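# Secondary and tertiary structure notes
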Amino acid sequence: MSSIEIKDLRHTYYNPHTRQQVLALDGVNLTVGDGEFVTVVGPSGCGKSTLLYLIAGLVRPSSGEIRVDGRVVSGPGSDRGMVFQEIAILPWRTVRQNIAHGLEIQGVAREVRETIVKRYVDLCGLNGFEDKYPYELSGGMRQRVAVARTLASNPKVVLMDEPFAALDAQTRITLAQELHRISLATSPTIIFVTHNVEEALYLGDKVVIMSRRPGRVKSIVSVPVPRAKR
Ligand code: ADP
Ligand code: ADP
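The model shown is predicted, which means the values in this text are computed figures rather than measured ones. (Residues numbered from 1 in each chain as written. Chains lettered and ligands numbered in written order. Predicted model: local features only at pLDDT ≥ 70, side-chain atom pairs only at ≥ 80, totals over all residues. Heavy atoms only, no water.)

### With respect to the site of ligand 2
Every residue close to ligand 2 is listed here: Tyr13, Val22, Ala24, Pro43, Ser44, Gly45, Cys46, Gly47, Lys48, Ser49 and Thr50. One of the side-chain N or O atoms of Thr50 is found 2.5 Å from an oxygen atom in ligand 2. Taken by itself ligand 2 offers 560 Å² of open surface, and the protein chains cover 63% of this. Those elements that place two or more of their residues in the shell around ligand 2 are β2 (20-33) and α1 (48-56). Top element by residues in the shell around ligand 2 is α1. It accounts for three residues. For the shell around ligand 2, the per-class residue count stands at five nonpolar, five polar and one charged. (Near = heavy atom within 4 Å. Polar contact = N/O pair within 3.5 Å; in protein donor to acceptor, adjacent residues only side chain to side chain. Areas by Shrake-Rupley, 256 points an atom, 1.4 Å probe, with all protein chains shown as cover. Helix = DSSP H or I, 4+ residues; strand = E, 2+ residues; numbered from the N terminus. Nonpolar A, V, L, I, M, F, W, Y, C, P; charged D, E, K, R; others polar.)

Here it is as structure tokens:
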């Protein structure tokens, strides 16, 4: 079963300063299966972030269609969660409160919320940090909170835009390994954008390579070694 179907997606931005149209996506087709981990690589400016924003419903495409679980995307929704490069967690809330935030919005009962929060605290290596505030945490720990928060609200699709790019090399490797383990334990559908080919091959079931000519998919490669064996 496929989770995401993208047909002939095109997008141009209008740049008011130069008064020119900027072509960002030029006819992208992509199908992502249920529980599949897809990584997207390509040079800066090739449209990777735009692709995620369109799937997230944060930007409306100029033309083409995106379906998530068969339904046409027409705006943001709780079926899609996003993790950004710039860490987006609430500074005035503790780790526990950040992870619980999406669940509160969904109206999940307190006891159920606590069980779910505990699960993602364990999964994301946040034990002992539950009552800390973001300013007390390193960049790597904050990004763990962002990942935990997004996964805890149980979106159908998780969209990750270079989530580890701002971290130092060692933390980046550790978090990629953690995400690998978490994705095997919880099997959400993930689209993960990165500049890092090694990261893409390590994490993905398939790798979408976008081309230097902006807005196009150059090729899609299935990674031969099953994810669970890496
Ligand atoms: P990256 O390669 O890491 O995606 P970019 O420099 O391409 O970084 O973009 C950084 C941010 O600036 C993105 O949010 C993008 O949408 C925005 N951006 C990029 N180009 C333009 C532009 N010409 N006008 C307005 N915003 C832009
Ligand atoms: P990537 O994530 O691969 O670096 P982006 O999706 O950020 O690529 O950008 C694709 C193209 O769209 C680039 O040429 C970028 O400058 C342009 N762009 C991105 N965001 C905006 C924006 N808000 N306004 C105008 N142009 C933009």
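Once the structure has been displayed, the description carries forward.
### Brief notes about the nonpolar core
In terms of nonpolar packing, the biggest core is built from 33 residues, with Ile99, Leu126, Met160 and Phe192 touching the most fellow members. For this core, the secondary structure elements donating two or more residues are α2 (95-105), α3 (110-123), α4 (139-152), β7 (157-161), α5 (169-186) and β8 (189-193). Examining the composition of this core, we find that seven residues originate from one element, α4, more than from any other. In this structure, Phe192 is in contact with Phe37, Val38, Thr39, Val40, Met160, Pro163, Phe164, Leu179, Glu199 and Leu203, ignoring residues within four places of it in sequence. If you look at the next biggest cluster of nonpolar residues, it comprises 25 residues, including Ile4, Ile6, Val68 and Val208. (Core = buried A, V, L, I, M, F, W, Y, C linked by side-chain atoms within 4.5 Å. Buried < 20%, exposed > 50% of the residue type's maximum accessible area, 1.4 Å probe, protein only. Contact = heavy atoms within 4.5 Å.)

### Details of α3
Here α3 is 14 residues long and its end C-alpha atoms lie 20 Å apart, about the 20 Å a rise of 1.5 Å per residue gives. If you check which residues of α3 are buried, you get Arg113, Val117, Tyr120, Val121 and Leu123. Each buried residue of α3 sits inside an arc of 165 degrees when the element is viewed along its axis, so together they form one side. Turned more than 90 degrees from where α3 packs its buried face, Glu111 and Thr115 sit exposed. Where the residues of α3 are buried, they touch α2, α4 and α5. Immediately beyond the C-terminal end of α3, within one or two residues, lies Gly125, with a positive phi of roughly 70 degrees. (Expected span 1.5 Å × (residues − 1). Arc of directions from axis to C-beta.)

### Re the site of ligand 1
Looking at ligand 1, the residues that line it are Asn15, Ser44, Ser49 and Tyr53. Contacts to ligand 1 include Ser44, whose side-chain N or O atom sits 2.7 Å from an oxygen atom.

### Notes on the pairing of strand β6 (residues 80-83)
Of the two faces of β6, both are covered, the one formed by Arg80 and Met82 as well as the one formed by Gly81 and Val83. Bridge count between β6 and β7: four bridges; the pairing is parallel. Across the sheet, residue Arg80 finds its bridge partner in β7, namely Val157. (Pairing = 2+ DSSP bridges.)

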